[in-house]
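Now for the letters of each chain:
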Amino acid sequence: MRSAHSKYINIIIMFVLLVFAAQTFAKNAINNVRIRPSAESTRVVFDLSKKPEFSYFVLQKPLRLVVDFENTKQLPKLPAIPKKHRVISKIRYSKPKKKNATRVVFELNGPTKPVIFALAPTGSSSNRLVVDLYGQKKAAPVKSTNKKRELKRDRDIVIAIDAGHGGQDPGSIGPSGTFEKHITLQIAKRLAKLINKEPGMSAQLTRSGDYFLKLNTRTAKARTRRADFFVSIHADAFSSPKPRGASVWTLSLRRANSEIGKWLENKEKQSQLLGGAAGVIKDTENEKYLAKALLDMSMDHSMKTGFQVAEEIVSELKKVAKLHKKRPQAANFGVLKSPDIPSILVETGFISNPQEERQLKTAYHQQRLANAVFVSIKRYYQKNPPDDSLFARLKEQKPLHHKVKRGESLSLLAARYGTTVSALKKVNRLKNNTLHIGQVLTIPKA
Ligand SMILES: [Zn+2]
């Protein structure tokens, strides 16, 4: 996934490793070290006499992976690395920080993604520590990956907006014949417009017209478009005309747990979520536990984010609409089930209530609802921006600089950073509107 996400996964992996760390005090020993290079990764396996207690970190310049084994006796000799190995150039010992520990240093040939985990004894195998190093794809020259990374910084936070129902599925139908599917699309489009106008945010509609989409297609679309957040727009209905008011729904814990169970059975889904880590998750009990722990924590993060945004939305909706429920509600909705994307569902009002049906049809009310949802999501991400987002950069106190690229104008940059052309000119002491490629501009704080 995206770099912020993989960073998150890395933190999770570190955390899981701490859980794995054994509470044994007797001295451990490295009995053997095996190297198994493959096309995509290099696996180094340490055979140990006991469950390893370990930690690791990466050092730059030169690039090294350092693994510390606590309270462990080292092997007399480490295996040599084949010449011109793609990922590792050398494995050696180094002086450990702690007494009785063993420090192993992997000298690396290029950036890799280490995945490190312990395995319990099975059959003829003893306790093991597995170090998987994923090399960069050979085909990608360094220059182009640098370029890619540069483009990915200051990225937009992507909000997937899902207009409920559509096509053959009209959703609920109001007393005067209003279809829910039309109302949801109108509000979704208004919300998308607000988001796309905001520097650092962009919207992705799961449907932009009146057609039918399966629930799975809706979440799959959000995933392929790398959405940070998923919001589904609906209008409620009841058998009697009386109930009214808006409500916000989040994923229920029970549903979350059953979804995690399903993802664990599905290798393809695992790899969508876990990226490189999924490849190493095989069928042993220990590794299944690792996969479950990762999924649990990802789901936990999604649910927490979903709930926090839902709370913001409830407090904003209160200003513009009657509320049916004063708190976010947990529910078993089919569309809310991605462990990797925080998701909520907004019931904008009761289409079965004649007064609200009338209201929901007006541009004025639709706009107020869209705005309440927009302001809430924006506020959440201003407080909690992903590391690689423009929001994160704007949150920093440091002055922001921008290197002018081909085709960029002052008005374009003003819109991107949420400032004005005159403010840009003033801060940079520009006499006219001409920009040069490579020119570095200071961006005033909004
Ligand atoms: Zn609906």
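Residues numbered from 1 in each chain as written. Predicted model: local features only at pLDDT ≥ 70, side-chain atom pairs only at ≥ 80, totals over all residues. Heavy atoms only, no water.

Participant: Even after reading the chapter, I still don't get the side chain of Glu-198, so can you show me in this structure?
Facilitator: With respect to the secondary-structure elements, Glu-198 resides in the loop between α3 (180-197) and β11 (201-205). On the basis of relative accessibility, which here comes to 17%, the residue Glu-198 falls in the buried class. Not counting chain neighbours up to four residues away, the residues in contact with Glu-198 comprise Phe-374, Lys-378 and Phe-391. (Helix = DSSP H or I, 4+ residues; strand = E, 2+ residues; numbered from the N terminus. Buried < 20%, exposed > 50% of the residue type's maximum accessible area, 1.4 Å probe, protein only. Contact = heavy atoms within 4.5 Å.)

Participant: In this structure, what is going on with the coordination of the zinc ion? I would like to understand it.
Facilitator: Reference values for coordination geometry: four tetrahedral donors around a metal ideally subtend 109.5 degrees, six octahedral donors ideally subtend 90 or 180 degrees. Distances from the zinc ion to its protein donors, His-165 (NE2), Glu-180 (OE) and His-234 (ND1), fall within 2.1 to 2.2 Å. When the donor residues of the zinc ion are listed from N- to C-terminus, their spacing reads H-x14-E-x53-H. Residue His-165 is found in the loop between β10 (157-163) and α3, and its partner His-234 is found in strand β12 (residues 229-236); the two are separated by 69 residues along the sequence. (Donors = N, O, S within 2.8 Å, 3.2 Å for Na, K, Ca; no water.)

Participant: Teacher, can you tell me more about the packing of aromatic side chains here?
Facilitator: In this description, an aromatic ring pair is defined by two values, namely the gap between the centres and the angle between the planes. Enumeration over the complete set of coordinates arrives at four aromatic pairs. Geometrically, the ring pair formed by Phe-46 and Phe-106 is edge-to-face, given 6.3 Å between the ring centres and 80° between the ring planes. A residue pair is termed long-range when its members are at least 10 positions apart, and Phe-46 in strand β2 (residues 41-48) and Phe-106 in strand β7 (residues 102-108) qualify at 60 residues. You can call Phe-46 buried: its relative accessible area is 0%. Residue Phe-106 is classed as buried on the basis of its relative accessible area, which comes to 0%. Through a chain of ring-to-ring contacts, three or more aromatic side chains come together here, namely Phe-46, Phe-69 and Phe-106. Positioned above the aromatic ring of Tyr-417, the side-chain terminus of Arg-416 is 5.8 Å from the ring centre. (Phe/Tyr/Trp six-rings, centres within 6.5 Å; stacked < 30°, edge-to-face > 60°. Lys NZ or Arg CZ within 6 Å of the ring centre and 35° of its normal.)

Participant: Hey, could you run me through unusual backbone geometry in this one?
Facilitator: Of all residues except glycine, most have a negative phi; of all peptide bonds, most are trans. Of note, His-165 is a non-glycine position whose phi angle comes to about 65°, a positive value. Its identity as a non-glycine residue notwithstanding, Arg-429 has a phi of 50°, on the positive side. Among the structural elements, Arg-429 can be located in the loop between α12 (421-427) and β17 (440-443).

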